[in-house]
Amino acid sequence: MVKIMDSIREELSSDSKVECTDWNEFQKQSIVHNLFCGRYKNVITCKECNSNSSKYEPFYHLSIPVPLQQRKAKDWELNERSITDVLNNKLSGVQEKMNDKTCDSCGRKECCEKVETIVNLPPILIVHLNRFYFSREMIMKKHTNMEFNYDMNLSGTKYTLKSMICHSGTSSSGHYWA
């Protein structure tokens, strides 16, 4: 599903002249934008000179990292095991240190932080659980159970689970089923 949405999005954005900052006009471009497109706001701040820049970016699905099963809850990348909690965390802003970014104002490296916040949710939300990761040149699958509710309320937007695609197997073989 994610591949199909990415292909449609790429086809539509090649013809698009409207920037993501004009949100109402951006959504009017197509039914795909109107139904499936949400918007992030990324703010990059330099901790040395306090300069910041912001950029709006569209998304058509949200990819959620699944924590490793063997770690204790306090050591997980995200402390939540509920999809609703992870999404609410993304709505309030996820902070990340940018070690490879050089500040455009002062020229220093490793002093920038990025805060990614979801500012607009789409009417139809596609959530992807990122269960695969690289470990010593191998692709591994995380088997951590994630909790989900059939009904979710995210910042006043109500969602009901309509379908789910599951993967049975390992990172090298298996089956997808719905």
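Everything below is about the structure shown above.
A. View of the packing of aromatic side chains. Throughout the structure, instances matching the rule amount to 2 aromatic pairs. Pairing Y40 with F59 gives two aromatic rings, centres 4.8 Å apart and planes at 45 degrees, and the pair type is tilted. Residue Y40 is found in strand β1 (residues 38-46), and its partner F59 is found in strand β2 (residues 52-59); the two are separated by 19 residues along the sequence. Aromatic pair F148 and Y150: ring centres 5.6 Å apart, planes at 75 degrees, arrangement edge-to-face. Positioned above the aromatic ring of Y56, the side-chain terminus of R39 is 4.4 Å from the ring centre.

B. Inspection of helix α4 (residues 83-92) at higher detail. Every buried residue of α4 is accounted for by I83, T84, V86, L87, K90 and L91. Along the long axis of α4, the arc covered by the buried residues comes to 165 degrees, so they all point the same way. At its buried positions, α4 is contacted by β1, β3 (62-65), β4 (94-98), β5 (112-120), β6 (127-130) and β9 (151-154). Capping the start of α4 is the job of one residue whose side-chain oxygen sits 3.3 Å from the backbone nitrogen of T84: S82. Phi for G93, located one or two positions after α4, is positive at around 115 degrees.

C. Expanded view of the nonpolar core. One finds L62, L87, I118, L125 and L154 to be the most contacted residues of the largest nonpolar core, which totals 16 residues. Taken together, the elements giving at least two residues each to this core come down to β3, α4 and β9. Top element by residues in this core is α4. It accounts for 4 residues. If sequence neighbours within four positions are ignored, L62 has contacts with Y40, L87, I118, L125, I126, V127 and H128. Within the second largest apolar cluster, 7 residues are counted, among which are W23, F26, V32 and F36.

Scoring rules and cut-offs
- Residues numbered from 1 in each chain as written.
- Predicted model: local features only at pLDDT ≥ 70, side-chain atom pairs only at ≥ 80, totals over all residues.
- Heavy atoms only, no water.
- Phe/Tyr/Trp six-rings, centres within 6.5 Å; stacked < 30°, edge-to-face > 60°.
- Helix = DSSP H or I, 4+ residues; strand = E, 2+ residues; numbered from the N terminus.
- Lys NZ or Arg CZ within 6 Å of the ring centre and 35° of its normal.
- Buried < 20%, exposed > 50% of the residue type's maximum accessible area, 1.4 Å probe, protein only.
- Arc of directions from axis to C-beta.
- Contact = heavy atoms within 4.5 Å.
- Polar contact = N/O pair within 3.5 Å; in protein donor to acceptor, adjacent residues only side chain to side chain.
- Core = buried A, V, L, I, M, F, W, Y, C linked by side-chain atoms within 4.5 Å.

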